[in-house]
Amino acid sequence: MHNTQLIRFKRHTDEYGSLTPVEAGVDIPFDIKRIYYIYDVPPDVMRGFHSHKNLHQVLIPLNGAVSIRLKTPFEETDVHLDKPYEGLYIGPNIWREMYGFTPGSTLLVLASEYYDEADYIRCLNVYKNTYPFTQNGDIK
Ligand code: TYD
């Protein structure tokens, strides 16, 4: 999907376990200003249902699994995240819905900006009507 990308991180695995380093500007295509994590999500709950005007994020399933539905006015795709060494980059102007959190799962989110409610679009119709690009990617 346009403006999203799966990122595979390094893994250091030996008989003592595994370690994955994540470095801003190296493994993550932005400087990290904020992290947060989503956990204790009951079965069948869906979260998200918003896009961001300027925020860049990377979602990493530290344990368990979660599915992410990504939408633009022209595309839709589902990404399943179940590896702690794989993250999903989501750029600005992408609608996202998160579902299928497995019991006990923790989703880590790395974000390029501090929390700002004014950066959210939480209405799908507003999102579609204000989407800044045409189908071939030109600015409207
Ligand atoms: P929200 O972004 O709506 O969660 P999701 O998209 O996963 O459904 O955030 C849920 C609540 O947490 C909302 O009241 C805003 C608050 N919040 C913060 O205070 N700081 C943050 O960094 C984030 C992401 C959310």
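Notes on the structure in this doc start here. (Residues numbered from 1 in each chain as written. Predicted model: local features only at pLDDT ≥ 70, side-chain atom pairs only at ≥ 80, totals over all residues. Heavy atoms only, no water.)

1. A short note on the overall build of the protein
So, step 1. Looking only at helices and strands, the protein features one helix and 12 strands.
So, step 2. Mapped in sequence order, the helices and strands of the protein form the string β-β-β-β-β-β-β-β-β-β-β-β-α.
So, step 3. Relative to the 2.2 N^0.38 estimate, which gives 14 Å for 140 residues, the radius of gyration of the protein is 16 Å and therefore close to what a compact globule would have.
So, step 4. Considered along the principal axes of its C-alpha atoms, the protein spans approximately 55 × 35 × 25 Å.
So, step 5. Expressed as a percentage of the 140 residues in the protein, the buried residues total 39%.
So, step 6. Counting contacts in the protein only where the partners sit at least 6 residues apart, residues at least 24 apart contribute 76% of the total.
So, step 7. When the accessible surface of the protein is totalled, it reaches about 8100 Å², and 51% of it is carbon and sulfur. (Helix = DSSP H or I, 4+ residues; strand = E, 2+ residues; numbered from the N terminus. Rg over C-alpha atoms; globule rule 2.2 N^0.38 Å. Buried < 20%, exposed > 50% of the residue type's maximum accessible area, 1.4 Å probe, protein only. Contact = heavy atoms within 4.5 Å. Areas by Shrake-Rupley, 256 points an atom, 1.4 Å probe, with all protein chains shown as cover.)

2. Focus: unusual backbone geometry
So, step 1. At F49, a position not held by glycine, the phi torsion is positive, near 55°.
So, step 2. A positive phi is found at N93, a non-glycine position, where the angle reads about 65°.
So, step 3. Among the secondary structure elements, N93 is positioned in the loop between β9 (86-90) and β10 (95-99).

3. A few points about the sheet that holds strand β11 (residues 106-111)
So, step 1. An order of β1-β9-β6-β11-β4 is seen for the five strands of this open sheet, with the pairing classed as antiparallel. The open sheet is flanked by β1 (4-8) and β4 (34-39), the only strands paired with a single partner. Averaged over all pairs of adjacent strands, the angle between strand axes in this sheet comes to 25°, irrespective of strand direction.
So, step 2. As paired strands, β1 and β9 are joined by five bridges and run antiparallel to one another. Each residue of the ladder has a partner; that of Q5, found in β9, is Y89. (Pairing = 2+ DSSP bridges. Axes fitted to C-alpha atoms, helices over the stretch in contact; angles between N-to-C directions.)

4. Points about the pairing of β11
So, step 1. Of all six residues making up β11, six are buried, and the element is well covered by its neighbours.
So, step 2. Judged by which residues are buried, β11 turns out to be covered on both faces: T106, L108 and L110 on one side and L107, V109 and A111 on the other are all buried.
So, step 3. Examined bridge by bridge, β4 and β11 share six bridges and lie antiparallel to one another. Paired with R34 across the bridge in β11 is A111.
So, step 4. Alignment of strand β6 (residues 57-63) against β11, held across six bridges, turns out to be antiparallel. Paired with L59 across the two strands is V109, which belongs to β11.

5. A closer look at the environment of M1
So, step 1. Topologically, M1 is positioned in the segment before β1.
So, step 2. A sequence separation of 78 residues divides M1 from V79, and the C-alpha atoms of the two residues are 9.8 Å apart.
So, step 3. Residues within four places of M1 in sequence aside, it is in contact with L70, K71, T72, E75, E76 and T77.

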